[in-house]
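Each chain, letter by letter, is given below.
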Amino acid sequence: MFELLGIAPQALFGQLLVGLINGAFYAMLSLGLAVIFGMLNVINFTHGAQYMLGAFAAWLMLTVLNIPFWIGLVLAPLVVGLFGVVLERLLLKRLYHLDHLYGFLMTFGLALVIEGVFQWKWGSSGQPYPNPIPGGTNLGFMFLPTYRAFVVVAALVICLATWFAIERTRLGGYLRAATENPTLVRAFGINVPRLITLTYGLGVGLAALAGVLAAPIYQVSPLMGQNLVLVVFAVVVIGGMGSILGSIVTGFGLGLIEGLTKVFYPQASSTVIFVIMAIVLLIKPAGLFGRTR
Amino acid sequence: MTNNHTLRNILLVAALAVALAAPWVAYPVFLMTALCFALFACAFNLLLGFAGLMSFGHAMFFGMAAYFFGHTVKEWGWRPEFGILASVLGAAALGAVTGALAIRRQGIYFAMITLAFSQMIYFFCVQAPFTHGEDGLQGIPRRAFLGGLIEVKDDRAMYYVVLAIVLFGFAAVYRIIHSPFGQVLKAIRENEQRAISLGYNANLYKLLAFILSAAIAGLAGSTKAMVLQFATLTDVTAAMSGEVVLMALVGGIGTLAGPVVGAFVIITMQNYLAAAGEWVLVIQGAIFVVIVLAFRKGIVGEIGDLVRRRPKPGPAGSSA
Amino acid sequence: MADALLTIAGLQAWYGESHILHGVDFEVGRGELVTLLGRNGAGKTTTLRSIMGIVGRRSGSIRFDGAEIVARTSDAVARAGIAYCPEERGIFSSLSVEENLLLPPVVRPGGMSVGEIFELFPNLKERRRSQGTKLSGGEQQMLAIGRILRTGATLLLLDEPTEGLAPVIVQRIGEAIRALKSRGFTILLVEQNFHFAATVADRHYVVEDGRVVDMVRGSDVQANLGKLQTYLGL
Amino acid sequence: MRKSLAAAALVCGMGVAALPAAAQISGDVVKLGVLTDMSSLYSDINGPGAVVAVQMAIEEFGGMVAGKKIELVQADVQNKADIAATISGRWYDVEGVDAILGTGGSASSIATMRVAGEKKRMFFAVDPASSDITGKLCNAYTVHWVYDTVVLANGTGSAVVKAGGKSWFFLTADYAFGHALERDVSAVVTANGGKVVGSVRHPLNTSDFSSFMLQAQASKAQVIGLANAGGDTINSIKQAAEFGVVKGGQKLAGLLVFVTDVHSLTLKLAQGLQLTEAFYWDRNDASRAFAKRFGERMNGKMPTSIQAGFYTAAKHYLEQVKALNTDDADKVMARMKSTPADEPLFGKAVIRQDGRKVHDVYLFEVKAPSESKGPWDYYKLIRTIPGEEAFRPMDQGGCPLVKKS
């Protein structure tokens, strides 16, 4: 059989596919983080905790209120997004005129509090979320679980819908303009503070949506998003800050690269993104899709 | 201003007295650890507070220096003072390499490049056999200083050695900030273009600041390894890089005393809040939120304001 | 003036710790075109920004169309019917020309239609799909003025619309401004280019050190030329 | 040198024993310290439950031993060796803690061990897995209480090979624990006539294992050995089910699985998994009674083997103090090592010269949902593995305390 670097090409194809699926999560998470960073100038260190909140909200809805996955998929991000709105109104809005270091300290502290409270209440080993669409298809080169196929499609749809909302609608235009020059946009009569609140809610909702999608695959545990922010922010930086398309493409792309690393040098699979980030920043300072302003 | 100077001198003398008496009141190993972190935070602050460069990977210098120290002293049988010297040089060399690349970018990009380098260093430390991975490089012997002149088996004796090393580090930071070099750094922080147009090679200054900061972080890391007799992966993680940012922020960026106070606050929290068990992190998180909302200039910054009683000084006004 | 659209009295403004305006007083009549003249740093731009509510802190009185607006946020000022074209033009690079044009929301009826704006500035129509910042300086200025005409605002604040532009473009901007005036817009113009200002304005206020120190009618400009040149350091 | 140390300790012990029989309790209080992971990845396995377990042991003594009060202090080690070293040092030196139980991961446990050795106080290594604790790093004041990597290998590893699982593929967490486990199990597998066809090392705290599942499937190995722990193990098992690994005819061997992990996975996903534990709450009347009391305080959660270990370690220590009328570490240690223990939860046990506590361990299989009669009814016993067979013989560990005869 023909082999490439010791791996059968068909096996490699399977690896690329699962890499793409993981990339879907990066894409959704980095999208939210990028939108928030663009608008609020805050690296939302609570992003991982909010991803966890999404998964937990769906799990609580299922176990306590008997709300099925498909409704939870819509409801949980709304609830968590609303929680984000409250956080923004109560706390984050006090920081916009300050250096983004304070945003880091605040969101980092919030993440500790949120994760700690969930840890206290539900312990560390996580809660089971049953797979809503079990089973799968044998593609010949691999067994593809139906749910994973759903995730990658759903993520694509969500990413494209977000892209469309930001790049092609009026509200998205406000958002892009306010990212560049919030003062002027406000002087045109647009309620920028409300736009910021909405943006934060949207970003948080996206994180929560990714969390709900993750719940049936990974264990729903309080620390499931703990180390995610750094990786996801690296994706944003590689894609080019402020570029929506960049976040999406880079998210999927890095999923692929990480997937390949898991085959050829698995130990390094959590480091490879940072290596790429360093190289990209040194060669193309504004990221792959970023515009230098 | 004279008033402030007198006050400052009184505070300095008082702080020194407290530092000398401390090991007879508090647990010396805890104090030594906190001192090492204080120096680490000062090194970080030298870069952020005075050169305006936010490094998100400073743990690589701190942690690698600890490994350098452990390896030279334990495996090669070096004397501790040479171990420290080697670690400082090693950290400086690492700083030179990473800094030369990182300073080509600014702001958040600079932070992300340093983060990327520190993640690579972390990976290296997980893989390299000499670090003993998750177990850590344990059981570094405590050897007498200066060829047997200063015995350090006793924790209190060790404390005074550590105090001397750390004070030396503080003095170095103080000298750097108040030298013409430090003035140029501040000028670059305020307005890089103007500094360049005045004929300063801004990149060279930034690189030097980065290397000095790395070296002092290395001094702190190796001293800590000497005190605790081990070097572990914790010291090279991104979490540790984040912790030092927190120390500087909590204490007050751009003040000399701020990072020291911040380090003591955070290390004390970790050690004494630990009894709160599962609530440690929640309490820590809540404190960070409160600091941002209410004591934004950090502990030292806020106290400085109270003392000066000025309505609204400029950002990062250096005090102390 | 009996029919003042904008009346400013005792306006003070600060950026952080620096006190920029020390009590500005002037008024603009309905349908009038008034300029603020003065040297660099006199406080002209700050006056416009204070009216819009985008300075650090301000006090005094700004009455617009009968209402006190000094305490309003900038979006509320805009919705009251004041539109602002900043000195740096503020074209958004992530928006196309058309998106830039359509960005400011309509705050009240009576604004110009997109078609009318394209008539006024035909260049924009040709380049409607381009990225906003890919336009030439003159086109960007046209876009910056054009986009605030749709909103139904009655008072336009234009900050140095001719800065850095070639004379032929300056001339076209001048024509456009006169057309806007004849269409009934009230315009408050900040200008360094005194010769340009003289061709379009009804009245000129002279700003010095954060205060209005003099007022010259358009018809009296020739008579007061020497005085004005001293003010402006020409 | 080592001999003379041991001799000195012995002489010292005899000398003190000759003194009048008044209680020799340092600081007039017997103080236990629980230092473990309270807030992070493994806190369900040890954590707050460990503190409750030690409290229960103290209460059984009525809070008093040898006429003195028993006190308990606790702290979160936060997965940092720094904190383990400073807190344990402070506890021994300043707060007069007589015995520490804990202390989480291997780096912090090894750090605590060294402090205990230096201060000559008791340390019960209850939760770490590293077999080096009673191997080349051993010291005279540390007892390794529940399990180690060798036990896991000898238990699950040999059982699975003997049941016909001859070819293995390892999914190994890329750190010391995972490497040790893979190494020890591989040795057992080869010794029993099996072979290792491949392995993949994943970074600690990986959440997605799909790529590794494909690799494991491609290896065609009969058994996929999970040389990881906690969330990594849970996620591996969960995703193995998702990718149809077990349905495809391959078997999973969870090398370190706790009852809380199974609870978190649910029987549907965990069924059929074979695992080795030193304690299971439903094994006998005594364990059930203990678990019932524990559950009353822990919201109905059943104790893990680690939490049970915290309980028995505290109890065993206090019994020695009671018998000897002293909390002198050397004497307590000498008695522990010389007197075999027999207690209801872990059964007959000896504490060897190298600090290893040796007791029977059990090979369990996780029940199918249909077999389970109620909450937490998860395991069925497959085989009892005698302690001597399960643990590494003392002379193979390389512990310097062991006299070469």
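Residues numbered from 1 in each chain as written. Chains lettered and ligands numbered in written order. Predicted model: local features only at pLDDT ≥ 70, side-chain atom pairs only at ≥ 80, totals over all residues. Heavy atoms only, no water.

### Points about the side chain of Ser179(B)
Residues and elements named next belong to chain B.
Alright, step 1. Inspection of the secondary structure puts Ser179 in the loop between helix H6 (155-178) and helix H7 (180-190).
Alright, step 2. According to the relative accessible area criterion, Ser179 is buried, its value standing at 12%.
Alright, step 3. A polar contact of 2.7 Å, which involves the side chain of Ser179, links it to the backbone oxygen of Ile176. (Helix = DSSP H or I, 4+ residues; strand = E, 2+ residues; numbered from the N terminus. Buried < 20%, exposed > 50% of the residue type's maximum accessible area, 1.4 Å probe, protein only. Polar contact = N/O pair within 3.5 Å; in protein donor to acceptor, adjacent residues only side chain to side chain.)

### Describing the packing of aromatic side chains
Alright, step 1. All chains considered together, the criterion is met by 50 aromatic pairs over all chains.
Alright, step 2. Seen in terms of ring centroids, Trp120(A) and Trp279(B) are 5.1 Å apart; in terms of plane orientation they differ by 45 degrees. Their pairing is tilted. Within this pair, whereas Trp120(A) is found in helix H4 (residues 100-122), its partner Trp279(B) is found in the loop between helix H11 (258-272) and helix H12 (280-294), the two belonging to separate chains.
Alright, step 3. Accessibility expressed as a relative area gives 44% for Trp120(A), which makes it partly exposed.
Alright, step 4. Each residue in the set Phe45(A), Phe104(A), Phe108(A), Phe56(B) and Phe288(B) is aromatic and connected to the rest through ring pairs, giving one cluster. (Phe/Tyr/Trp six-rings, centres within 6.5 Å; stacked < 30°, edge-to-face > 60°.)

### Some details on the state of the cysteines
Joining two cysteines, a disulfide is a covalent bond between their sulfur atoms.
Alright, step 1. Evaluated as defined, the whole model comprises 1 disulfide over all chains.
Alright, step 2. At a sulfur-sulfur separation of 1.9 Å, the disulfide partner of Cys138(D) is Cys399(D). What sets the handedness of the Cys138(D) and Cys399(D) disulfide is the S-S torsion sign, and at about 75 degrees it is right-handed. Residue Cys138(D) is found in the loop between strand S5 (122-125) and strand S6 (142-144), and its partner Cys399(D) is found in the segment after helix H14 (387-390); the two are separated by 261 residues along the sequence. Cys399(D) carries the same exposure label as Cys138(D), and that label is buried.
Alright, step 3. The thiol of Cys36(B) is unpaired, and the distance to the nearest cysteine sulfur, on Cys42(B), comes to 12 Å.
Alright, step 4. Of the residues examined, Cys36(B) reaches a relative accessible area of 0% and is grouped as buried.
Alright, step 5. A relative accessible area of 3% places Cys42(B) in the buried class. (Disulfide = S-S within 2.5 Å.)

### Quick notes on the interface of chain D and chain A
Alright, step 1. On the chain A side, the residues contacting the 30 residues of chain D number 32 residues.
Alright, step 2. At the boundary of chain D with chain A, the tally comes to 2 salt bridges.
Alright, step 3. Linking Glu242(D) and Arg148(A) is a salt bridge whose minimum nitrogen-to-oxygen distance equals 2.9 Å.
Alright, step 4. In this assembly, chain D and chain A are joined by 23 residue pairs in polar contact (both at pLDDT 80 or more).
Alright, step 5. Among the elements of the structure, strand S8 (195-202), helix H7 (210-219), helix H8 (230-242) and helix H9 (259-265) of chain D are those that each provide at least two residues to the side of chain D that touches chain A.
Alright, step 6. Looking at the side of chain D that touches chain A residue by residue, the classes come out as 9 nonpolar, 14 polar and 7 charged. (Contact = heavy atoms within 4.5 Å. Salt bridge = Lys/Arg side-chain N within 4 Å of Asp/Glu carboxyl O. Nonpolar A, V, L, I, M, F, W, Y, C, P; charged D, E, K, R; others polar.)

### Thoughts on the sheet that holds strand S3 (residues 68-76) of chain D
All names here are of chain D.
Alright, step 1. Here we have 6 strands laid out as an open sheet, ordered S2-S3-S1-S4-S5-S6, and mixed in their pairing. Looking at which strands have only one partner, the edges of the open sheet turn out to be strand S2 (64-65) and S6.
Alright, step 2. Against the sheet, helix H12 (residues 305-324) makes contact with strand S1 (29-36), S2, S3, strand S4 (99-102) and S5, and its axis sits at roughly 160 degrees relative to S1, the strand it touches most. (Pairing = 2+ DSSP bridges. Axes fitted to C-alpha atoms, helices over the stretch in contact; angles between N-to-C directions.)

### So, the pairing of strand S2 (residues 18-29) of chain C
For a regular strand, the rule is simple: side chains alternate between the two faces of the sheet.
Residue and element names in this part refer to chain C.
Alright, step 1. Sheet topology note: the strand S1 (residues 4-15)/S2 ladder contains 9 bridges and is antiparallel. Bridge assignment links Leu6 to a residue of S2, and that residue is Val28.
Alright, step 2. Where S1 hands over to S2, the hairpin turn is made up of 2 residues, of which Gly16 adopts a positive phi near 60 degrees.

### Describing the domain arrangement of chain D
Residue and element names in this part refer to chain D.
Alright, step 1. Partitioning chain D into domains gives domain 1 (26-147 + 283-355) and domain 2 (150-277 + 361-387).
Alright, step 2. Spacing between the C-alpha centres of domain 1 and domain 2 amounts to 28 Å.
Alright, step 3. Both sides of the domain 1 and domain 2 interface together cover about 1,400 Å² of buried area, and 68% of this is carbon and sulfur.
Alright, step 4. Contact with domain 2 buries surface across domain 1, with Tyr42, Tyr147 and Arg283 losing the most and accounting together for 34% of the total.
Alright, step 5. Inspection of the domain 1/domain 2 interface yields 0 salt bridges.
Alright, step 6. Inspection of the region where domain 1 meets domain 2 yields 3 residue pairs in polar contact (both at pLDDT 80 or more).
Alright, step 7. Of the residues assigned to the side of domain 1 that touches domain 2, the class counts are 8 nonpolar, 4 polar and 3 charged. (Domains from an automatic or database assignment. Buried area = accessible area lost by both parts, 1.4 Å probe.)

### A short note on the environment of Tyr174(A)
Alright, step 1. For Tyr174(A), the position within the fold is in helix H6 (residues 170-180).
Alright, step 2. For Tyr174(A), a relative accessible area of 12% gives the class buried.
Alright, step 3. What Tyr174(A) contacts, discounting residues up to four positions off in sequence, is Val185(A), Ile190(A), Leu195(A), Leu103(C) and Pro105(C).

### Thoughts on the interface of chain A and chain B
Interfaces are often sized by the amount of accessible area the parts lose when they come together.
Alright, step 1. Listed as interface residues are 38 residues of chain A and, on the opposing side, 35 residues of chain B.
Alright, step 2. For the pair chain A and chain B, the two sides together bury roughly 3,400 Å², of which 84% comes from carbon and sulfur.
Alright, step 3. It is Leu101(A), Leu105(A) and Leu282(A) in chain A that bury the most area against chain B; as a group they hold 19% of the surface buried on that side.
Alright, step 4. Those elements giving two or more residues to the side of chain A that touches chain B turn out to be H4, helix H9 (228-239) and helix H11 (272-283) of chain A.
Alright, step 5. Here the element with the most residues in the side of chain A that touches chain B is H4(A); it accounts for 14 residues.
Alright, step 6. Residue composition of the side of chain A that touches chain B, by class: 31 nonpolar, 6 polar and 1 charged.

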